[in-house]
Amino acid sequence: MSVSMLPLLVFLIPLLASIVCLLIKERPRLAQEITLAACLATAAFSLTLAAAVLRSGTVATELAWIKTFGFEFNLIVDALGAFTVVTITVLMAIDMIYTRGYMAPEEAGSRFYGWTLMFTAAMVGAVMAADLVQFYFLWELMLIPSTILIVYWGGGPRPQATGFKYFVVTHVGAALILAAILWILSVTGESGIYTLQSVLAALPRPTLMVLASLFTVGFAVKMAIFPAHVWLPDAHSEAPLPVSVMLSAIMMNMGIYGMVRFLFTLFPPEVSSALLLPLLIFAVVSQWYGGLQALRSTEMKRVAAYSTISQMGYVLVGIASMSALGLKGSIFHMLNHGTAKALLFMSIGAVIHSTGATHLDKVGGLARKMPWTALCCSVAALALAGAPPLGAFQSEWIIFAGGFSTPYTVLAVIAVCASVLTAFYVLRLVAKIFFGPEFSESGNMSEVREAPSSMLASMLALSLLSLAVGIYPHYFHRWIEAALNSFGLF
Amino acid sequence: MNASIYLAQVAVPIGGAALTPLVGVLKPRLRPAFAITIGAATACLTVLALLGAGAPGRFVIPWQGALNHFSLAPDGLSAYIAAVAGVLGALILLYSYKYMEGEEGLTRYYSLVLLFIGAMIGLVTTDNLLVMYFFWETVGLCSYALIGFELHNPAAARAGLKAFVTTKFGDVGLLTGIMVLYVSAGTFNVFEIMEKAAAGEIPGATLALAGFGFLMGAVGKSAQVPLHVWLPDAMEAPTSVSALIHAATMVNAGVYLMARTYPLFSPVAGWSDAVTWVGAVTAFLAACMALYARDLKRMLAYSTVSQLGYMMFGIGVGGLLASQFHLLSHAIFKALLFLCAGAVIHEVHTRDMAEMGGLGRRMPVTGRCYLVGVLALAGVPIFNGFWSKDMLFASALHAGKLVPLALAVVTAVLTVTYSVRSYIKVFAGEPAPAAAQAEEPHPSMLFPLVLLAAGALTSWLIIGNYSADLSRSGIIHEVIGVSALVAETLHSTAFLLSLAALLLGGIMVAATRKASLAARPSAFGAWAGRGFGFDAFYLGLLNGAYAAASWIVTAYDRLTDWIGRTIITLSVSFGRLLRAQNVGDLNGNLLWLVTGVVIVIAIVWAKRG
């Protein structure tokens, strides 16, 4: 099989499996198996794809025959795309293993799996898209299954309202992206993401500034940067747990990818550099806003959801620094935040699964009953707090170094200080759930058991991943360096 | 010396930590033996590395892509601290065998202690600031997890959280310092940074920011005022852990860091004075707090804070050798005191000194070892604490910093008082009811005590080798032999100060001999007993900041909710307005149609005209 077919496989496997799952409405158990198999296969192929990309630079799929139908469909994967795709597909596969323990297939229904797979396909497709229009199409496709998952499977008092808010607010972001894309198309007539830079460089500076700002704000909405974060807390905390993982740990990477890709592949450096200060300010505000809200929340999932806003602030600090250093940290943080946040949500899910409690004050002292969950939750918390030898440390310091390479040392110091806040709220979460005297308001303590093995296995896998990255990050650094080289800016 | 030994002394304990859970699953009974074996191997490796400390050697592997390498390169300064961590670690693992027997969660305990030992050795033996920070945070993590070792104890969980967050606050300064140095110098290698700074390639403002940032990190880690509040609470940890982490090794990291970076930051204006004052004030305040503590372990913790203050003070006045030598003395005698205290608490099941008494008869060996520790802490001649404390005073005299020196001498008086008094309260007199059944601990616990007591008596004899090894690290330049040390000490003004402090302390002990711990303390005593209100102040500050921040974020959320609702209300009412036109009312529709047509015709007419 030719290497150039790999991107297509990574896109088509989840898409086709999704259609199958949506069709076999009566057989949820089969749908569950298909989904897991598809996710594992996608992850395996994306790893193969990444290996090929690291060997040869870029892998592209060009479907010449499709041109006879009047449009183009090309996929291009470079080192940055490969890193994002691998992060998405691996985390998705682990999430699906977790879901086996968390939800019975009958309870979830075939369609749950179908929409999940379509969500995956849209995400990897958008990352690999070679063309602006194709990117936008897949970007919008991503929104639909995720909204359906929130509205029809979500908890909370008003899932429709939550889904509606999610759809409308992120759609505002998408509209800005669309505006920028249409503008580019009308001015240049060119739509290849990887060929546009030279064309765009000829445009007047003010036009470029407006275009760059449109893209940046559009992707910042997806990253839930303050003040565009309003869609996130409800959506991430009221979605069913496996979907919370998909949204918080996986989909957030799309915003990061988009911002990095569009700011640095399309625009000359001096244009993106002009955004440094405003982005840095919003990044720091997001860090602190998310952290403070996480500290105030008593609902476990909401703590994790607000923590995502704060962590996206960290990522934006790296991007805003407009330096190779900061960008490296931000890209690396996709994987490390994804791992830690997935792990945090999953261990919270294990607690909810075992005790039925959703609030921090309703349980306590679970460490003896659920030692493995306690361990995994501590790993997640410490990773988010930036403690070595866990993965997030390895990206956080680079982000901060990026911050200090800007002229705004004071802002960088405020950004670093946010890590104290982070340590406080995550460790408070762990202490409240797992330490102290045992109690559970919602049920009999003797009935509380450790989570099922498939949930534990996925949690332990993520813990080990975080540990491995934290102890020896060298190869990931090499990978991201390759990604940065492909920009050719630094 | 082969560089691989440098890797081995870090990798062996960390590997042991990783394997402990496996042992715990296969043969839980073997966990202590496994940990002791690994600990002993590590101790041997650190001693071997120490003996070869003069020989240059460096272990390097690629670690973070093009950004940074992982390197270990011990020198004299670090080799001694690594050896303390290795040897004390092994002794404390041996002590833990009986001390922790029957506790729940031993896998966690042994694994974390081994990880701590490895990380501590890594912290001091690397020449790379980021690698150092990596281990710096790792030891903090072990400390956090071991303070909260008793899972069901909410006080332990709170203390762990407090320790982590408070030291993290200091670490913000340290990380900031490392980052600005990196961005400016382009390297994490501390020696290269020093070279660049000496060549004037690093701007003064950057050095100043980094210097005070590093100081902040050291203040957090070494529990200096105002970030000392975590250490007394950290006494919720098992006493073996308190001895290892919170007395003999981790808390020294800040002092070590200050010594390591002294050549870099001493030219920064105000830096030395800041270090001096932080140290002197800490030494004094913590000694006052120790004076009024009833809890044996808390008293020892305040004493640790106070002694760490001495070491900082020593660095501030330029007495690096004195400071590092006091670090070595203190590690030995304070570990000894903690281990004795642990043996006592293990027997009497209380930490309140008022409930103890007369234990010297029931536990003679423990009592004598404790007495050796007390004499070393008080600075009685011949014991190791005397020599190093005297060197500290001499350095301050030499530097002419008399006001902080006065604080340090007053501290010495207080130290004599609280330390001797603690011995009297715990070991002298008639056995208290709680002590009636107490027995001498198991030999595996006594052995470390006796060995450390011997160390507290004799460790100062190695000053010749010690100063020679340290001088090769390029930071400390004094080399002094034992006979010279004795001669200089006896002829110095500092010796008089030490003797005066001992005398005054003795008088204070005699004067307050009758006072019961249970009696109502004076107003000052009550204030000192509450830690001078630092905790209350921080709590108030946190609550205030929390309330203010809550108000802001809530107000913002209300605003966005209101905007969202307004948009929805507006669009719904607009929809209602339109809906009213679509109810199939033919007359109404026709009216609108005709109106529209008339308007269109009017516009066309007007345009044409």
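Everything numeric here is computed off the predicted structure, so don't read it as measured data. (Residues numbered from 1 in each chain as written. Chains lettered and ligands numbered in written order. Predicted model: local features only at pLDDT ≥ 70, side-chain atom pairs only at ≥ 80, totals over all residues. Heavy atoms only, no water.)

Here Ser4 of chain B shows up in helix α1 (residues 4–26). Sequence spacing of Ser4 of chain B and Phe59 of chain B is 55 residues, and the spatial spacing of their C-alpha atoms is 6.6 Å. (Helix = DSSP H or I, 4+ residues; strand = E, 2+ residues; numbered from the N terminus.)

Before going further, it helps to examine unusual backbone geometry. The omega angle of the peptide bond from Pro388 of chain A to Pro389 of chain A is 5 degrees, so this bond is cis rather than trans. Within the element layout of this structure, Pro389 of chain A appears in the loop between α16 (371–384) and α17 (391–404). Note that the residue after Val225 of chain B, namely Pro226 of chain B, is joined by a cis bond; omega there is 10 degrees. Mapped onto the elements of the fold, Pro226 of chain B is located in the loop between α8 (204–221) and α9 (230–233). Positive phi outside glycine occurs at Ala223 of chain B, with the angle close to 50 degrees. With respect to the helices and strands, the residue Ala223 of chain B is situated in the loop between α8 and α9. The buried category is assigned to Ala223 of chain B, whose relative accessible area is 0%. Positive phi outside glycine occurs at Ile382 of chain B, with the angle close to 85 degrees. (Buried < 20%, exposed > 50% of the residue type's maximum accessible area, 1.4 Å probe, protein only.)

A few words now on the pairing of strand β1 (residues 59–64) of chain B. Residue and element names in this part refer to chain B. Two strands pair when backbone bridges link them, and β1 and strand β2 (residues 68–72) are joined in this way by five bridges, in the antiparallel orientation. For Phe59, the partnering residue across the bridge sits in β2 and is Leu72. Where β1 hands over to β2, the hairpin turn is made up of three residues, of which Gly65 adopts a positive phi near 55 degrees. (Pairing = 2+ DSSP bridges.)

Right, let's talk about the packing of aromatic side chains for a bit. All names here are of chain A. According to the stated counting rule, one finds 52 aromatic pairs over all chains in the structure shown. Judged by centre distance (5.1 Å) and plane angle (90 degrees), the ring pair of Phe83 and Trp479 falls under edge-to-face. Taken together, the residues Phe83 in helix α3 (residues 79–102) and Trp479 in helix α20 (residues 474–487) connect sequence positions 396 residues apart. With respect to class, Phe83 is no different from Trp479; both count as buried. (Phe/Tyr/Trp six-rings, centres within 6.5 Å; stacked < 30°, edge-to-face > 60°.)

A word on the interface of chain B and chain A. Contacts between the two partners involve 43 residues from chain B, matched on the other side by 51 residues from chain A. Between chain B and chain A the total buried area reaches about 4100 Å² when both faces are included, carbon and sulfur atoms providing 76% of it. Taken together, the connections running from chain B to chain A amount to one salt bridge. In this structure, Glu104 of chain B engages Arg368 of chain A in a salt bridge whose closest nitrogen and oxygen atoms are separated by 2.8 Å. Residue assignment for the side of chain B that touches chain A shows that the elements contributing at least two residues are β1, α5 (129–147), α6 (154–185) and α25 (534–579) of chain B. It is α6 of chain B that provides the largest number of residues to the side of chain B that touches chain A, a total of 14 residues. For the side of chain B that touches chain A, the per-class residue count stands at 29 nonpolar, nine polar and five charged. (Contact = heavy atoms within 4.5 Å. Buried area = accessible area lost by both parts, 1.4 Å probe. Salt bridge = Lys/Arg side-chain N within 4 Å of Asp/Glu carboxyl O. Nonpolar A, V, L, I, M, F, W, Y, C, P; charged D, E, K, R; others polar.)

All names here are of chain B. With 26 residues, helix α19 (residues 402–427) ought to run about 38 Å at 1.5 Å a step, and its terminal C-alpha atoms sit 37 Å apart, in line with that. Among the 26 residues that make up α19, 19 are buried, leaving the element largely enclosed by the rest of the structure. Of the residues trailing α19, Gly429 is marked for its positive phi of about 80 degrees. (Expected span 1.5 Å × (residues − 1).)

On to the packing of helix α5 (residues 110–128) of chain A against helix α6 (residues 132–153) of chain A, then. All names here are of chain A. Interhelical geometry of α5 versus α6 gives an angle of 155 degrees and a closest axis separation of 8 Å. The angle between α5 and α6 places the two elements in the roughly antiparallel class. By crossing handedness, the relation of α5 to α6 is classed as left-handed. Only Phe135, Leu138, Trp139, Leu141, Met142, Pro145, Ser146, Ile148, Leu149 and Trp153 of α6 make contact with α5, whose side of the interface consists of Arg111, Phe112, Trp115, Thr116, Met118, Phe119, Ala122, Met123, Gly125 and Ala126. Among the residues forming the contact of α5 with α6, the class breakdown is 16 nonpolar, three polar and one charged. (Axes fitted to C-alpha atoms, helices over the stretch in contact; angles between N-to-C directions. Parallel < 35°, antiparallel > 145°, perpendicular 65-115°, else oblique. Left-handed = near helix turned anticlockwise from the far one by under 90°.)

So yeah, pure geometry; function would need other evidence.
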